[in-house]
Every structure is written in structure tokens, then in C-alpha cells.
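Per-entry structural report
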Amino acid sequence: MASITDLIKKKRDGGELSDEEIRTFIHAVTNNTIEESQTGAMLMAIWLKGMVQQEVVTLTRAMMSSGEVMSWPAEWAGLMVDKHSTGGVGDKVSLVLAPALAACGCKVPMISGRGLAHTGGTLDKLESIPGFKVHQSAAQILEVLRSVGCCIVGQTETLVPADRVLYAQRDTTSTVDSLPLIAGSIISKKGAESLSALVLDVKFGGAALYKDLDAARELAKLLVQVGNALGVHTAALLSRMDAPIGRFVGNSLEVIESLETLKGRGPDDLMELVRTLGGLLLKITGLASDLSEGRRQISDAVIGGAALAKFQAMLQAQGVANETARSLCSAHTDYHAVLRKSEHRMQLMAPADGVVVDFAGLTLAEVLHKLGAGRSSAGGPVNHSVGAELLVSLGQRVSKGEAWLQLHYEDPAPSPDQISRLQSALTLGSHDALGSHDTLGSHDTLGSHDAPTRTLVEEILLPQ
Ligand code: IUR
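These numbers come from a predicted model, not from an experiment.

Okay, the side chain of Thr86 next. Among the structural elements, Thr86 can be located in the loop between strand S1 (81-85) and helix H5 (93-103). Under the relative-accessibility criterion, Thr86 is labelled buried at 16%. Within the structure, the side chain of Thr86 is placed 3.0 Å from the backbone nitrogen of Lys203, a separation counted as a polar contact.

Right, let's get into the sheet that holds strand S9 (residues 387-390). Strand order in the open sheet formed by four strands is S6-S9-S11-S7, and the pairing between neighbours is antiparallel. Of all strands in the sheet, those with a lone pairing partner are strand S6 (248-249) and strand S7 (344-349), marking the two edges. Of the strand pairs in this sheet, S6 and S9 are connected by two bridges, and their pairing is antiparallel. Bridged to Phe248 within S9 is Glu389. On top of the sheet, helix H17 (residues 416-425) reaches S7 and strand S11 (403-409); it is set at about 45° to S7, its chief contact.

Turning our eyes to something else, we now look at the environment of Pro381. Within the fold, Pro381 resides in the loop between helix H16 (361-373) and S9. What makes Pro381 exposed here is its relative accessible area of 76%. Excluding anything up to four places from it in sequence, Pro381 contacts Gly372 and Gly374.

Right, let's get into the site of the ligand. Looking at the ligand, the residues that line it are Tyr167, Arg170, Val176, Ile182, Ser185, Ile186 and Lys189. Separating an oxygen atom of the ligand from a side-chain N or O atom of Arg170 is a distance of 2.9 Å. Between the ligand and Lys189 there is a distance of 2.5 Å, counted from an oxygen atom to a side-chain nitrogen or oxygen. Relative to its unbound accessible surface of 280 Å², the ligand loses 87% to contact with the protein.

Ordered in space as S1-S4-S5-S13, the four strands form an open sheet in which the pairing is mixed. Two strands bound the open sheet, and with one partner strand each, they are S1 and strand S13 (457-461). Between one strand axis and the next, the sheet turns by 15° as a mean value, whatever way the strands run. Here strand S5 (residues 233-240) pairs with S13 via four bridges, running antiparallel. Paired with Ser239 across the two strands is Val457, which belongs to S13.

On to the pairing of strand S8 (residues 354-359), then. On a regular strand, one side chain projects to one face of the sheet and the next to the other, so that they alternate. In terms of burial, S8 is a largely internal element, six of the six residues being buried. Sheet analysis places S8 next to strand S10 (residues 397-398), joined by two bridges and oriented antiparallel. Pairing of Gly354 across the sheet is with Val398, part of S10. In the sheet, S8 pairs with strand S12 (residues 426-429) via four bridges, with the strands oriented antiparallel.

What counts, and at which threshold
Residues numbered from 1 in each chain as written. Predicted model: local features only at pLDDT ≥ 70, side-chain atom pairs only at ≥ 80, totals over all residues. Heavy atoms only, no water. Helix = DSSP H or I, 4+ residues; strand = E, 2+ residues; numbered from the N terminus. Buried < 20%, exposed > 50% of the residue type's maximum accessible area, 1.4 Å probe, protein only. Polar contact = N/O pair within 3.5 Å; in protein donor to acceptor, adjacent residues only side chain to side chain. Pairing = 2+ DSSP bridges. Contact = heavy atoms within 4.5 Å. Axes fitted to C-alpha atoms, helices over the stretch in contact; angles between N-to-C directions. Near = heavy atom within 4 Å. Areas by Shrake-Rupley, 256 points an atom, 1.4 Å probe, with all protein chains shown as cover.

Spatial relationships are all this shows, so hold off on functional conclusions.
Shown next, in the form of C-alpha cells:
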């Protein structure tokens, strides 16, 4: 059998690793029988030379099999679904989508992550709710799925241990942005959930991992190919990520906006993503005859309150006191009686008259991260109350001196430099500029009965 050193050399020289060679590498990573320097060298060789599709599929399967692979009751066959997003700003889709899918008859073992770089993490958002427990054992997940239909949890210790090692080493060896390594990492974890169907929200734009559509499409295609090769019916959306999704960014503020959405009062762009991602999953599982029927079912589950009831039940099943969950989910609630409110607020004023043409979500996310909304590199705690509320919408006319952004902060307070960065993130234009701007315009290709205010979904890649 080839040694690890031989395998590194083969990949370094541009060779194609055999199935057995890839399994040998992942086995050594999982069992800690490889030196860190060797893992780093192999990751860099993969980053530099890439992998053909067969290698990526084998890598993903070997990673998936490095730990526990979940199993579900036979009567749930065909109903197990999940979604993954490559990360956005103000992206609270999971909080609405998981209960909406459960209300439509799916089982949703949603394993989510924490914030990565500037992007927010679903687990951090949910932890702003007092009592919510993201850590659930496999037996507890099964029980919540049986009683509620959805859960949103952190990765268990036993799921894909090889990814835990590789991910940490990718971070320190500058090999995070390698297509084969990203695909292996994402799809191995979804494969270990033993899903029937998976939908991926691959984002492109100024606030996304990939700035341009072509690069995002390449990742989306690979994820779809590898997911399907592992037996999970996998589809992907390519969606635009420039301005934040919805109007609120920051952990507890995003929980409030998700609850408002589940009460039928959510922003159009968020609902558009929820409908399309959910509609696709319902179509793939056969619970809906086509995408527009799937979109309608998701819409009905949200508007009719069935998704909200599932969310409340999920909160209770994951440790939130009954009274707290009931209060958050009641029609008229004082959210800040439950969720901590920041000590300070500050409004930013529009510097001129004009129409809001764009708003750089990346800048907002970076500033909020520094103000404590995200995890510091030293691993410090997240301040759930820090965030921001956009007071204007894309396409809206504003007057000089009108408030356009409200910051929620504690310690540290925003510095003059951070405030000027935020002001420069706002692009004001004339009406003419608005008409030609490509983030705006109604969307008429998805059969929506309530068209969103801007085009988010650029393309859909269906399972092969
Ligand atoms: N999320 C993952 O689970 N894996 C990755 O490699 C990336 C994001 I980038």
C-alpha cells in the first residue's frame, strides 16, 4: 500500500488519486495517524491541482463514513430534507423554512453552523432565545423529528469527524476556498444525515463567498453532482447576495424578523427565498407536483400559521420554556420582554436626496462583527443584542437628513471610522439609475403571485 508521503507526491504532481488512496488519507486523518504537516501538504496539493469528479465523490463518501451515519424509521423514507446556504448577511431563511417544511409533511433534521467570517450563523441566532439548546444527541433529534417534524441543531460529536480535522487545517493553511474541499465538507455532512432531498442556496455577489456568478455556478454544479452521486436528490439555487436579506441583521433582531415572517408579516425577499427553496424540496420529494405548487404549499404554511405552530413546538422541544415560546409566537408580543435589547441605539441619516440603489451588506456585516455581533478570532462570546435595522428599502426615495439605518450596540460603541464606512455603503441614485440597476426589477419566471421587490434567484439547477 502506498504511504501517505507517496499520496501527497502523486497529488502534488497532478495525479489522480484512486478510491483506495483517498480512503487511506481520510482514514489516517480520522484516526490521527497522519502528521499535521502531511494533512496540510495534501490539502495544499488538492488546492493547487484540484480533483476530478470521481475523486471528489470518493473523498465525500469517505468523509461521510468517518463517523456516525444517521438512520431513520422506514416510514419516513422519501421525506427527509434539508437545505444548506453558502452564507449571507441577514440570511434567516432556515428559521422560517425548517418549520414551513415540517408543516408540509417533511422531516427536517437541520444541522446548522455558527457564523463564519462576516456571515451570520443560524445557531448563534437561535441561541439568543433563552433556553434554546442547539446540542441534541442523535436520540433527541429522532424524538424531536417524531413529535414536531423539524429541529435545528449543531453538528454532533460523532458526525463526520474527518471534517472537523480538515476544516480546522484548511483554515490555517489557506486552503478553505478549494472546490473539492468545500464540496467534500458540505455534502459529507448532509450525506451523514441520510437525506432524501437537499437544496443548496449558493450565493454570489458582494456579500457572498463567491463574488461572481460563474464561480458560484461552478461550485453549485459540483455540489449538485456530488450530492446526487451520494444518493441524495440535490438541487441548487444561485441567489444574489449584495444587500442584506430582509431589514434586520444581528442575532436577536433576526429572530424577531423570522417570527414576524412566520406571522405572515415578513419581507418579500426573505419569503421569496423560503418559497423557492421549500418549493423545490417539495417538488423533489414528490409532495408537490411542480415548483409552483410547492411554492404555494410553503406560502400557505406560513400565511396560515401552521409553520409558526411548528416553530413554537420546536422551541419547546429544544429547551425553551413553554411560556417563553408561547409569548414569542403570539400575534402581538413584546419581543424584548424575552430577547435582550441592546443598551444603545443610533440612527444614521441620508447624506443627500436620492433613491436607494444599493446597500453593501458586506460592510454592514463587517462593522457589526467588530461591534460584537459575531465571534472574534479569539473565540469570544457573541453579543446577541448587537445588530442593525434598515429603515429604507431598495428603490425607496429618501430625503437628505432622513434616518436610513438604526444601529443597536453596546460596548464598544461604533467609531467615527465605522460610521463613515456604513455611510459609504449606501448608494443613492436618481430614478434613472434605479431603472437600469440589475439588483432591481420584478421577477416573473417562477410563477409567484406576489412578486418580490428585487430579483434574488438567478438560476435553478435541478437534480440530474
Ligand atoms: N461550510 C462547510 O460546512 N464547509 C465548508 O467548507 C464551507 C462552509 I467554505
